[in-house]
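Chain by chain, the residues run as shown.
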Amino acid sequence: MPKQIVTVGHDAELFLYDENDNAVSGVGLIGGSKECPREVNGGAVQEDNVMAELNIEPCTTPTQFVSRTNEVMESLSTITSMHGLHYKIMDYQKFEPEFLKSKQAKMFGCMPDYNIYSSKENVVDTSSLNKNNVRTAGGHIHIGLTNPNFHPMARSSLVKGCDMYVGLPLTILEGTSQRKAFYGKAGSFRHKEYGIEYRTPSNVWLSSDNIKMWIFNQIKLVASDVVYNLSHNNQPRHERWIADTGENSFQTIINSGLVDDAWDLCENYGIEIPKLN
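Notes on the structure in this doc start here.

What counts, and at which threshold
Residues numbered from 1 in each chain as written. Predicted model: local features only at pLDDT ≥ 70, side-chain atom pairs only at ≥ 80, totals over all residues. Heavy atoms only, no water. Helix = DSSP H or I, 4+ residues; strand = E, 2+ residues; numbered from the N terminus. Rg over C-alpha atoms; globule rule 2.2 N^0.38 Å. Buried < 20%, exposed > 50% of the residue type's maximum accessible area, 1.4 Å probe, protein only. Areas by Shrake-Rupley, 256 points an atom, 1.4 Å probe, with all protein chains shown as cover. Lys, Arg positive; Asp, Glu negative; His and termini not counted. Charge placed at Lys NZ, Arg CZ, Asp CG, Glu CD. Axes fitted to C-alpha atoms, helices over the stretch in contact; angles between N-to-C directions. Parallel < 35°, antiparallel > 145°, perpendicular 65-115°, else oblique. Left-handed = near helix turned anticlockwise from the far one by under 90°. Contact = heavy atoms within 4.5 Å. Nonpolar A, V, L, I, M, F, W, Y, C, P; charged D, E, K, R; others polar. Pairing = 2+ DSSP bridges.

1. Focus: the overall build of the protein
For the protein, the count of helices and strands is seven helices and twelve strands. For the protein, the C-alpha radius of gyration of 18 Å lies close to 19 Å, the compact-globule estimate for 277 residues. With respect to the principal axes defined by its C-alpha atoms, the protein has extents near 55 × 35 × 35 Å. Burial status across the protein gives 55% buried among its 277 residues. Of the accessible surface of the protein, which amounts to about 12600 Å², a share of 49% is contributed by carbon and sulfur atoms. Across the protein, the centroid of the 25 positively charged side chains sits 4 Å from that of the 33 negatively charged ones.

Structure below.
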């Protein structure tokens, strides 16, 4: 089989705040949309609900991943500062009702995502988000392979590997994240022509260059393991580990933010845990 080239990108969301640290809407301020993103160095920015969204060009090295992410974040800072605003890395935010009245503020997701374990669509209670004037922010990872169809289980194994090597250790940083009541449950993904969009992570990994680099390296580790083992008709080790833990128990650890259990599993299987500082 020809060598698979792995690419990693992301779409991460950020809340905006005024000079008094009050959460505000980015509608009409950031520019760009899903259909027509606002191009900047390293990628693009756009409005997503009331948040700002970052997109980067696909990367093949950790240095690219970090530098392009930082370039887009710097461009966003320039844009927001023109309006006297700044962003913060938070995954759950309550707003004053006045900021959530627009049509755009009531739009949630352009297409559904799915749970890799149940194969069912993830259903989000958007009525509760609207009732409580709350929004959540994710840090979705896009993973591409030269030929993602090389094996019928490639995408499934990629998602599960991301859960084990990314979603599980990020649980230790996120704790009992309120976002998980709506988005970001274990095994959340979208099927993409180039591979997958892994939708479990929040935006916490934007906190430092070390964690950004950790994200890329963990994804590359997962993809390499999946490609090698499935090409040789072997089961990737992360699938065995999830089976040994029990799929339901494994999902509960991530979904409920069971930090101690997540820590124990990471230590047991030698999975690197990132540090916020």
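Resuming the write-up.
2. Topic: the packing of helix H1 (residues 62-81) against helix H4 (residues 209-231)
Interhelical geometry of H1 versus H4 gives an angle of 130° and a closest axis separation of 9 Å. If you check the angle between H1 and H4, you find them oblique. Both H1 and H4 take part in a crossing whose hand is right-handed. On H4, the residues touching Pro62, Phe65, Val66, Thr69, Asn70 and Met73 of H1 are Asp209, Lys212, Met213, Ile215, Phe216 and Asn217. Among the residues making up the contact of H1 with H4, the classes are represented as seven nonpolar, three polar and two charged.

3. What about the pairing of strand S11 (residues 188-192)?
Counting buried positions along S11 yields four of five residues, so the element is predominantly enclosed. Where strand S8 (residues 114-115) and S11 come together, two bridges link them in antiparallel fashion. When the bridges of S11 are listed, Tyr114 appears paired with Phe189. Relative to strand S12 (residues 195-198), S11 is paired through four bridges, and the arrangement is antiparallel. When the bridges of S12 are listed, Lys192 appears paired with Gly195. In this structure, the hairpin formed by S11 and S12 is closed by a connection of two residues.

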